[in-house]
Amino acid sequence: MNNTTFNFKVNIHPTKKEFKQMGTLPREIFRRTAEARFSALDRDYIKRKFEEERFPVTGNRLMSNYLLRYLRDNPSLKSKKEILLLDIGSAGGALSTLFAIDALDKAGLLTQARILLVDVANNALKATVEGNFTLPPKFIKANKLGRFGSNGGRLRGILAKQAKYFCADTVSLPKEIRNVDICISGFTHHHLNLADKKLACGEMERVTRLGGFVGIADESLAYRDYLAWLKFHAEEKNSSGMPVPIAQECFIALSKHVALFKRLEARWKNRGREYYCFAGVKK
Ligand SMILES: C[S@@+](CC[C@H](N)C(=O)[O-])C[C@H]1O[C@@H](n2cnc3c(N)ncnc32)[C@H](O)[C@@H]1O
């Protein structure tokens, strides 16, 4: 995208009516503002999520617990030569990717895993694959990731060796991506308008093999909580002091999100105040 023509502004003081209508805003405002935000958020993304906003950590951790249950329920995966994990929306040291690696490791399947990462923000995506992000020792300890090293060094090594990235849009995944065993998307669908959420769920189903795992964690804020979130992030700066712009968001309820999938047997669901998570098997 050409940043010189970027002039989309997110309404950071929406009325309740405007809040309810966010899902009908054009695709372009979502894409351009997401790309701008996640390109500006730098190596401290995880540190911030861990220190300031616990729910992305909690939601992604829950999705990885569901994944581990699925892996343990499917012992035949052990005999597969290769297990394909696709994480959509995986920029900036993605919590979704790291926790999925953790689940694969716990299930004894990590060496067979090939990791495909998709995002619209190219530099941030590259940072995930190159391990260019901070993993605070407190985060490692709190999430029982110590076996990957106190600064997560082994996680970086796994990403460097086993991951490949595609700068692409979740509504139209690259044709090389197919027959995926595990397809996850953590805290990404709230960056899509309503029509695109449906397309994105359809794409996740399309690229996943029959019997494969599909998992979603997503943000879902009530009006007052969204206003508080906007206020808290209005002056956000990255670790170099550069401003981090707000991205357009739009939330739907857990039941509506599940209903956007036509071929998902949703086996696990849970909801917190600011997020939910669900996962299941493609039928
Ligand atoms: C809140 S971050 C979540 C990152 C990671 N999954 C995690 O949970 O830590 C949302 C990510 O979705 C990406 N994203 C937004 N819109 C997208 C789209 N249409 N297609 C692919 N990725 C998108 C953003 O660039 C960003 O990296």
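Up top you'll find the structure we're talking about.
Let me begin by describing the structure that accompanies this report. (Residues numbered from 1 in each chain as written. Predicted model: local features only at pLDDT ≥ 70, side-chain atom pairs only at ≥ 80, totals over all residues.)

## Thoughts on the pairing of strand β2 (residues 113–119)
For a regular strand, side-chain orientation follows a simple rule: the groups alternate between the two sheet faces.
No. 1: Counting buried residues along β2, six of its seven residues qualify, which places the element largely inside the surrounding structure.
No. 2: This β-α-β element, strand β1 (residues 83–88) to helix α5 (residues 95–106) to β2, shows right-handed connectivity.
No. 3: One ladder, built from five bridges, connects β2 with strand β3 (residues 163–167); its direction is parallel. What sits directly across from Asp119, in β3, is Cys167. (Buried ≥ 20, exposed ≤ 12 C-beta atoms within 10 Å, placed from the backbone. Helix = DSSP H or I, 4+ residues; strand = E, 2+ residues; numbered from the N terminus. Right-handed = clockwise from strand over helix to strand, strands pointing away. Pairing = 2+ DSSP bridges.)

## What about the site of the ligand?
No. 1: Around the ligand sit 25 residues, and of these Phe38, Gly89, Ala91, Leu95 and Gly186 come closest.
No. 2: Elements with a minimum of two residues in the shell around the ligand: α2 (27–40), α4 (54–73), α5 and β2.
No. 3: Considering each element in turn, the shell around the ligand owes the most residues, three residues, to α2.
No. 4: Here the residues of the shell around the ligand are counted per class, giving 13 nonpolar, nine polar and three charged. (Near = placed C-beta within 6 Å. Nonpolar A, V, L, I, M, F, W, Y, C, P; charged D, E, K, R; others polar.)

## Examining the packing of α4 against α5
The axes of two packed helices give the description: the angle between them and the distance between them.
No. 1: It is the contact of α4 with α5, at a shortest axis distance of 9 Å, that shows an interaxial angle of 30°. The angle between the axes of α4 and α5 places the two elements in the roughly parallel class. Where α4 crosses over α5, the handedness of that crossing is right-handed. Each of Pro56, Val57, Asn60, Arg61, Met63, Ser64, Leu67, Leu68 and Leu71 in α4 lies in contact with α5, whose residues at this interface are Leu95, Ser96, Phe99, Ala100, Asp102, Ala103, Leu104 and Lys106. (Axes fitted to C-alpha atoms, helices over the stretch in contact; angles between N-to-C directions. Parallel < 35°, antiparallel > 145°, perpendicular 65-115°, else oblique. Left-handed = near helix turned anticlockwise from the far one by under 90°. Contact = placed C-beta atoms within 7 Å.)

## Quick notes on the environment of Thr188
No. 1: Locating Thr188 in the fold gives a position in the loop between β4 (180–186) and α9 (194–207).
No. 2: A sequence separation of twelve residues divides Thr188 from Ala200, and the C-alpha atoms of the two residues are 9.9 Å apart.
No. 3: Every residue in contact with Thr188, bar those within four places of it in the chain, is listed here: Ile88, Gly89 and Thr170.

## What about the environment of Ala103?
No. 1: Tracing the chain through its elements places Ala103 in helix α5.
No. 2: On the neighbour-count criterion, Ala103 (26 C-beta atoms within 10 Å) is buried.
No. 3: Counting along the chain gives 84 residues from Ala103 to Phe187, while the straight-line C-alpha distance between them is 18 Å.
No. 4: Residues contacting Ala103, with those up to four places away along its chain left out, are Ser64, Leu67, Leu68 and Leu71.

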